[in-house]
Amino acid sequence: MPTGSVRLHSIKKLGQENHSYEVSDEGPAGSYMSMTNSKDKEKAQGKQEQPAIRVGFFQLFRFSTCKDVAMMIVGSCCAVLHGSAQPLMLLVFGLLTDTFIEYDIELNELRDDRKECVNNTIRWKRNYTVVQDPTRPLNQSDLGLIINSTLEMLVPLRNMSCGILDIEHEMTMFAFYYVGIGVSVFLLGYFQISLWVTAAAKQIQLIRKMYFSKVMRMEIGWFDCTSVGELNTRMSDDINKINDAIADQVAIFVQRFTTFVCGFSIGFVKGWKLTLVIIATSPLIGVGAGLMALFVAKLTGMELQAYAKAGAVADEVLSSIRTVAAFGGEKKEVDRYDRNLVSAQQWGIRKGMIMGFFTGYTWLIIFLCYALAFWYGSTLVIDTEEYTPGTLLQVFFGVLVAAMNLGQASPCLESFAAGRGAATIIFETIDREPEIDCLSEAGYKLDRVKGDIEFHNVTFHYPSRPEVKILDQLSVAVKSGETTAFVGPSGAGKSTAIQLIQRFYDPKEGMVTLDGHDIKGLNIQWLRSLIGIVEQEPVLFATTIAENIRYGRPGVSMADIITAAKEANAYNFIMDLPQKFDTLVGEGGGQMSGGQKQRIAIARALVRNPRILLLDMATSALDNESEAIVQEALDKVRMGRTTISIAHRLSTIKNADVIVGFEHGRAVERGKHNELLERKGVYFTLVTLQSQGDKALNEKARQMAEGLEPEPEKLNLSRAGSYRASLRASIRQRSRSQLSNLIPDSSVPITGDLGPGAYSMSQEDKYKKSTPEEEEEEELVEPAPVARILKYNAPEWPYMVFGSLGAAVNGGVNPVYSLLFSQILATFSVTDPDAQRREINGICVFFVMVGVVSFFTQMLQGYAFAKSGELLTRRLRRIGFQAMLGQEIGRASSYTPDYAKAKISAARFFQLLDRVPPISVYSNRGEKWDNFQGNLDFIECKFTYPTRPDIQVLNGLNVSVKPGQTLAFVGSSGCGKSTSVQLLERFYDPDNGKVLIDGHESTRVNVPFLRSKIGIVSQEPVLFDCSIAENIKYGDNLREIGMNEVISAANKAQLHDFVMSLPEKYDTNVGSQGSQLSRGQKQRIAIARAIIRDPKILLLDEATSALDTESEKTVQEALDKAREGRTCIVIAHRLSTIQNSDIIAVMSRGFVIEKGTHDHLMALNGAYYKLVTTGAPIS
């Protein structure tokens, strides 16, 4: 059937025009939040014009049930009643005040001897005479007193009642009123909050479930354009914001708004004149409270953002402590951390000033308002007698409380806005229909699956990079039951093709068929159930090994799990672990080595019993012996299955039934191994590049094995026949020359590289299994003395003194207010009008004075303590971080989880500062010398990692290398190769024996001096979250490096051309841990970083392992040049990398079993000879 007709007919039949990833203005909600580039500017601008909040307030409750609505209505009613309680209390308070003053006036009136209470009315006594001593004659002044007193009695008294008021009864009644209001408020407050929170919790649970469910249904393209961190933020922060917007904040807002309405209502009903006067000032209080909340929220956000940046630096540095230590970057990193703290410090000080200013401003306005209200209110009470004193208080406090509650309601409005903003993306994601719905029941299932897969003119680009075409009119057929190998350079589209088979994506054009059926028409769950996949980067979940394998087929029996583990060569290492199949693999499989993770992933695929097997670099991380066994297992399980294999090791795929060569997104050649070699196309090029470095070595080894001397004419590769034979020979040898695990040691259970973090224990378990003395030490941490804590704040003592003075004055404001308030009430019972007016005026002036003083002291307190506290915080963070970086390696990384604890716990913090590391990077002590040669001697070195004292990693290592020589370590994982390098770097010191550098014992050499002479390129390159140029400059932190040097180093590492192709060139940010770059690109930056250091000793730990064959050849030449005149230690898996070394040391069980040149070791016919000739393991 013609390809074109099949494609067009099938697409039209299904009615699916595939415009999956184009975003239009009318696109569905939740369309991709893609990273924009210059070509996407117009789209980005169009998106930016959309409002950030596209969800109405009441739409937040769209997931509420009838029961939830009922709970919210009842809760709102409770909130309304609760809100009216405070104004109601003011009414009672006003009546109470009037009663007290009335009773006080009655007592004052009846203290006058001339007055009496008759018929509940105060009157002048009718027969009143001045009490006079009869023995003393009357003088003129006595006579005047009697006359004045009598004249005053002629003036009729105001109609004042008496004897009616039962003060005890009245006060008891008021007490009952308050008790009733209090009990009501308690019950109403409880139901108001609990009902709203309960209703919100149910809705939020549903929102979380629906959001996560929809995210799980999204196509992979959606995840490409949405970061995992963003999804985590949505799941936690954003949904929490929605919760804040629909939970108790609504009830609190209703309550406060009700208080606002009722407070103003009381004011206008009871006394509109005074209310209008107070209203003139009350907005100032509301505005002040609102502005303070706004500024503090913004400044707190900026401060937290700054601390987050500093925290990210700390996290990055602590997780990459080996690289930091190797390049002597401790002081540089402390300074970088401190620079990020400066910003946080400034925001914190500003926040303190703003809070102090607005707090002082608020109190100033309140006291000015007190003065104005009491002054004007007193005229309405005394002069015009329009109000009673109680009415004055009701009106004043009613309006004041209303204004304050209006200001306090503003944070609720912020919560509503934040919730609506957060709900915009959440709800749009929930409403979005995925382009490829993995949980859809649609589509048909084939009764019988043969397993023929075919690509029909498939064109594809990733949604996150629409401008880069990955597949370009790809047409390729994979026959049922055959093994088809995809080969080609990186980026050719091999892995993309595999992802299209799994329907992670749909093609932009063309189609993929299974047994002649377009896979877009098949049920997606059923389709994926047919497929088993083992990828290059195995993903494990933070659970047990058994559960990870069971993930391949839920409900599978333990016997099947064990069988799969055995087939994947994982059973032995699993059974060597203390908890066997119940061992936790850690987050992302972090407690397992790369090879262990890969084998678990293979077991997971095998337990699935798939019809179609996809192997994407399935054995790339395995050692030589394990690879052979696993490859044999994979060969068995491939029988009768359609298998597609992607591999860089050509030995892995040369026996495939069909080999397909990919280039620029197309299948450019197809055939068997020999056919493709004769065609001299893509496959031929790859084989040639990969084998050129090995072929002469292998030819020589084979001839030596046959007892023949190599003849020059036989090594001539000009003839095609001998050339092809040589290529085939080298390919056969290549499978045996991957020296990742050359000397397996079956008697000692080794679970991979024994560095910290690589063993099968969690950090928690590590400390649980620590010695009893250590545990006791941890438990007996004594509280830090206060004097020592204050000592670190000593430079800020002037700020603390002035801040304390301000705080002391502010502490006296409320008692002074209470005193003035009681004096105001007392003035209303003064009977003399003139004295009464003088007292009121004086008290109002006092109110103004207290407000002014409070304004300045609040500002002083806020600024002084903020300055003092922020300077102390920055100082403690800096010295704490500096102390962490000063620890030896295993301890520094262990502080990461306790870092937050160290910030808040003074005792633990000082424990960190007081710990003296045995290997100090800040000390100037230790030997230094001018003529550094690079002469190295390892003498009887024995070593165990502090975290695994039961496993001897080095067991008497003896090896020497002279200046300018190259020493190559070969051996199985865990034999001690990388450990030897770490001893040389003084990441650790040997337990026994010694390492000599130019005759100086390493433990006596100054650590920064020693590390400054060493350059290292590790197997896993660690880059920092800064530009490419800054990462290269990190190679030498002791001097300023110019761009010319950077470019020169980049050229030597084959990096320059790639960097210049980037939009921002050397200023391109590499992302966290170099996440924006491929492994090969990261490795080349690491090589450039080592080259720019110009070291005397060069350490190459799998320096070229991540590069493709073409780049490897060029970079290897650069490294060969860089090695000239330097002492070099090489750890490599490829024989071509190490064959020209001056000394090759074969290691097993932590010591050297053979050493010498390549020729010497070959002549010994020992371990090395076996490795080269047969690849057989050594027993």
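Quick note: structure is the one above.
Residues numbered from 1 in each chain as written. Predicted model: local features only at pLDDT ≥ 70, side-chain atom pairs only at ≥ 80, totals over all residues. Heavy atoms only, no water.

Enquirer: Give me the lowdown on the pattern of salt bridges, citing residues and values where you can.
Expert: Considering all chains together, one arrives at 22 salt bridges under this definition. A salt bridge links Asp472 to Arg666; the shortest N-O distance between them is 3.4 Å. Of this pair, Asp472 sits in strand β4 (residues 471-478) while Arg666 sits in strand β12 (residues 666-671), and the two are 194 residues apart along the sequence. A relative accessible area of 22% places Asp472 in the partly exposed class. Taking relative accessible area as the criterion, Arg666 reaches 40% and is therefore assigned partly exposed. Arg1126 is the salt-bridge partner of Asp1094, the closest N and O atoms lying 2.3 Å from each other. With Asp1094 in the loop between α40 (1079-1091) and β19 (1097-1101) and Arg1126 in the loop between α41 (1109-1123) and β20 (1127-1131), this pair connects stretches of sequence that are 32 residues apart. Counted as one network, the salt bridges with shared partners bring together Asp335, Asp338, Arg874 and Arg878. (Salt bridge = Lys/Arg side-chain N within 4 Å of Asp/Glu carboxyl O. Helix = DSSP H or I, 4+ residues; strand = E, 2+ residues; numbered from the N terminus. Buried < 20%, exposed > 50% of the residue type's maximum accessible area, 1.4 Å probe, protein only.)

Enquirer: Can you lay out the packing of helix α5 (residues 167-217) against helix α14 (residues 410-431) for me, pointing to particular residues and giving the numbers?
Expert: One can describe the packing of α5 onto α14 by two numbers: an axis separation of 9 Å at closest approach and a directional angle of 55°. Accordingly, the angle class assigned to the pair α5 and α14 is oblique. Regarding α5 and α14, the two cross each other, and that crossing is left-handed. Residue-level contacts link Ile207, Met210, Tyr211, Lys214 and Val215 of α5 to Ile426, Phe427, Thr429, Ile430 and Asp431 of α14. When its residues are assigned to classes, the contact of α5 with α14 shows 7 nonpolar, 1 polar and 2 charged. (Axes fitted to C-alpha atoms, helices over the stretch in contact; angles between N-to-C directions. Parallel < 35°, antiparallel > 145°, perpendicular 65-115°, else oblique. Left-handed = near helix turned anticlockwise from the far one by under 90°. Contact = heavy atoms within 4.5 Å. Nonpolar A, V, L, I, M, F, W, Y, C, P; charged D, E, K, R; others polar.)

Enquirer: Could you give an account of the side chain of Arg550, with specific residues and numbers?
Expert: With respect to the helices and strands, the residue Arg550 is situated in helix α17 (residues 545-550). Beyond its immediate chain neighbours, meaning those up to four positions away, Arg550 contacts Gly555, Val556, Met558 and Ile561.

Enquirer: How would you explain a nonpolar patch on the surface if you had to name every residue and give the values?
Expert: On the surface, Val179, Val183, Phe186, Leu187, Tyr190 and Phe191 cluster together into a nonpolar patch covering about 630 Å² of accessible area. Looking at where Phe191 falls in the secondary structure, it is placed in helix α5. (Patch = residues over 30% accessible without salt bridge, like charges linked within 9 Å, V, L, I, M, F, W, Y side chains within 5 Å. Areas by Shrake-Rupley, 256 points an atom, 1.4 Å probe, with all protein chains shown as cover.)

Enquirer: Mind laying out the packing of aromatic side chains, listing which residues take part and the relevant values?
Expert: Given two aromatic rings, their pairing is described by the distance between the two centres and the angle made by the two planes. For the structure on display, the rule yields 46 aromatic pairs. Considering the side-chain rings of Phe943 and Tyr945, the 5.0 Å spacing of their centres and the 80° angle between planes classify their relative orientation as edge-to-face. Given a relative accessible area of 0%, Tyr945 falls into the buried group. Members of the aromatic cluster, each reached through a chain of ring pairs, are Phe57, Phe58, Phe61, Trp196, Phe253, Phe257, Phe260, Phe264, Phe268 and Phe416. It is Arg62 that lies over the ring of Phe427; its NZ or CZ is 5.1 Å from the centre. In this arrangement the basic side chain of Lys566 is found over the ring face of Tyr571, its NZ or CZ atom lying 4.8 Å from the centre. (Phe/Tyr/Trp six-rings, centres within 6.5 Å; stacked < 30°, edge-to-face > 60°. Lys NZ or Arg CZ within 6 Å of the ring centre and 35° of its normal.)

Enquirer: Can you break down the sheet that holds β19 residue by residue, with the values?
Expert: Sheet strands associate in pairs through backbone hydrogen bonding, adopting either a parallel or an antiparallel arrangement. Taken in spatial order, the 6 strands of this open sheet run β18-β19-β20-β15-β21-β22, and their pairing is mixed. Each edge of the open sheet is held by one strand with a lone partner, namely β18 (1014-1017) and β22 (1151-1156). Ignoring which end each strand starts from, the neighbouring axes of this sheet average 20° apart. In this sheet, β20 lies alongside strand β15 (residues 966-971) in parallel orientation, the contact comprising 4 bridges. (Pairing = 2+ DSSP bridges.)

Enquirer: Break down the pairing of strand β2 (residues 121-124) for me, with residues and values.
Expert: Bridge count for strand β1 (residues 115-118) against β2 is 4 bridges, and the pairing is antiparallel. Each bridged residue has a counterpart across the sheet, and for Glu116 the counterpart in β2 is Arg123. Linking β1 back to β2 in an antiparallel pair, the connection comprises 2 residues, with Asn119 at a positive phi of about 50°.

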